[in-house]
Amino acid sequence: MSADSPGTISRDEVAHLARLARLAVTDRELDLFAGQLDVILGAVARVGEVAADDIPPTSHAVPLENVFRPDERRPGLSQEQALACAPAAEDGRFRVPQILGEEA
Amino acid sequence: MDLTRLSAAQLAEKIHSREVSAVEAAQAHLDRIAEVDGTVHAFLHVATEAALASAALVDAGLDAGAPPASPLAGVPLALKDVFTTADMPTTCGSKILEGWRPPYDATVTSRLRAAGITILGKTNMDEFAMGSSTEHSAYGPTRNPWDTGRIPGGSGGGSAAVLAAFEAPLAIGTDTGGSIRQPAAMTGTVGVKPTYGGVSRYGLVACASSLDQGGPCTRTVLDAALLHEVIAGHDPLDSTSIDAPVPAVVEAARAGAAGDLGGVRVGVVRELGGEGYQPGVERAYRAAVERLEKLGAEVVEVSCPHFQYGLAAYYLILPSEVSSNLARFDAMRYGLRVDAGASAEEVMALTREAGFGPEVKRRIILGTYALSSGYYDAYYGQAQKVRTLISRDFAAAFEQADVLVSPTAPTTAFRIGDKVDDPLAMYLNDLATIPTNLAGTAAMSVPCGLAEEDGLPVGLQIMAPALGEAQMYRVGAAYEAARDADDDLPLIQRVPTLEVSR
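Residues numbered from 1 in each chain as written. Chains lettered and ligands numbered in written order. Predicted model: local features only at pLDDT ≥ 70, side-chain atom pairs only at ≥ 80, totals over all residues. Heavy atoms only, no water.

Caption draft 1: Just the state of the cysteines, in detail. Residues and elements named next belong to chain B. Evaluated as defined, the whole model comprises zero disulfides over all chains. The thiol of cysteine 304 is unpaired, and the distance to the nearest cysteine sulfur, on cysteine 448, comes to 19 Å. Given a relative accessible area of 0%, cysteine 304 falls into the buried group. Of the residues examined, cysteine 448 reaches a relative accessible area of 4% and is grouped as buried. (Disulfide = S-S within 2.5 Å. Buried < 20%, exposed > 50% of the residue type's maximum accessible area, 1.4 Å probe, protein only.)

Put into structure tokens, the structure is as follows:
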């Protein structure tokens, strides 16, 4: 990206995106990332140079088809296995922090 | 006899003929790890007891007269720490999964166990496979055995470094944009990215699901083929797994080693070279192409005009998939939890902030941006169209050639610290490897000499159509045999001696 072109992404936008992505980034990280992401976006914006209006998008290298299996019961993880690495568990369940904030 | 210097095929032969035991083979490599891994730091976890127990089982079977479970039974292997292992931690190089013990084995892990292969431990990697140097591991960088001041490539730097340091003759990597091939090039080893869907992704912790592919890392082409046949094949637990026979790559590698490439058309990709490529890399690469011609291959030039947009498309598609995939690290069910917030949402944000490193955060933010309404069409949508055009470039090129070739990476291994603060410079390492991932085709890197200016290894990339691995292995094996016949000793045996700690 040339020096005189306007930035693609602002510090405020990066802060907003970090909130959406549930990343409690620090002010220092915001300063760093905003500059770096601006450079990266300037480079990846090159995809726009390709005339591709009539080109179908590819989401996957292999054509995806729905895959079926016989409708039979199969063993899965036990409750104990599923909870073995939980940060907190209680009464055979995941224990989580309060879901709703005060004002909710 | 130093068991650690043998190829996997040679070691397997000695084990199966009972000249040495699988336990002796495992112990020799565990000893080597104890000697050099303090310097190399290729392992995040060494499973000494499990490895010896697994090897003892192989010995017991062979001693009882049972046939080996596979051609590689009893041979030690290092597994990238992105595959789940029920008996070892799986961290993906991240603090957010520090100490995590998965409740199940990946399909690749299960197949290795069923094949009687001894899993020595888990290898270091860039966090969640995002990086080209292994410097983005939360547990510190891996060092390149050729020059411990330099990077071993990434993200699978650990899996490549174990081979060059003779800590294991076999390793498993994953290749999303070059993470098997580029480290192979940096360390003078062999690395194969199979066709997308060729090796199951079940239990492979996802980076970018439409690009991720596990594959073999070895010191010889034949070893890669042997390992390829162990891990590849249809898996009902992965909906993108290809339900077709595994290409006969071992047979192809053995045929290739005979050295005749008559009738094989090799396409030189015009766009993968020139600006940005180190002169010594280009010279070694051109010499390799000449050698292929001498072996009887017909060399043609092909053009893939959209490859120049591959890097840009990749760094939109990958972060988009990453931002979605890594949403699962929510501090609720497993992994780290920073219990400082008042609500689940705050705990989540604080945990992800503490648990993820800078490169992962950058890519999550970038992906969140690329998928935002208003930007989606211009970025992610357009990148997906470029992906179509790159696949079409490949299809056209494979009309003219059976395999395509290029340098694997634009440069040799750079110094630790050189690019870690410049993400874009780091991304350029993947210039030549990315098109294959976007198209879902197969490719491998085979060492093709040392660069004149720095004496560091260079990789020859050989690319093949989807499920066209046999031809690729044939060409790789023929090249390798001719290279070794001309040199005094195999390239990998020229690695400088590592300082041994006792």
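Caption draft 2: Up close: unusual backbone geometry. All names here are of chain B. Serine 155 follows glycine 154 through a cis peptide bond whose omega is 10°. In this fold, serine 155 is placed in the loop between β3 (118-123) and α5 (157-164). The phi dihedral of cysteine 92 falls on the positive side, at around 55°, and the residue is not glycine. Along the chain, the position of cysteine 92 falls in the loop between β2 (76-80) and α4 (107-114). Here leucine 467, not a glycine, exhibits a phi torsion of approximately 60°, which is positive. (Helix = DSSP H or I, 4+ residues; strand = E, 2+ residues; numbered from the N terminus.)

Caption draft 3: Local environment of the interface of chain A and chain B. With 54 residues of chain A at the contact, the number on the chain B side is 61 residues. Summing both sides of the interface, chain A and chain B together bury roughly 4,900 Å²; the carbon and sulfur share of this comes to 69%. When the area that chain A buries against chain B is broken down by residue, the three leading residues are Arg22, Leu23 and Val47 of chain A, summing to 13%. Viewed at the interface, chain B and chain A are joined by one salt bridge. Where chain A touches chain B, the interface holds 17 residue pairs in polar contact (both at pLDDT 80 or more). The set of elements that each furnish at least two residues to the side of chain A that touches chain B consists of α1 (11-20), α2 (27-44) and α3 (79-83) of chain A. Among the elements that take part in the side of chain A that touches chain B, α2 of chain A stands out by supplying nine residues, more than any other. Residues belonging to the side of chain A that touches chain B are distributed by class as follows: 37 nonpolar, nine polar and eight charged. (Contact = heavy atoms within 4.5 Å. Buried area = accessible area lost by both parts, 1.4 Å probe. Salt bridge = Lys/Arg side-chain N within 4 Å of Asp/Glu carboxyl O. Polar contact = N/O pair within 3.5 Å; in protein donor to acceptor, adjacent residues only side chain to side chain. Nonpolar A, V, L, I, M, F, W, Y, C, P; charged D, E, K, R; others polar.)

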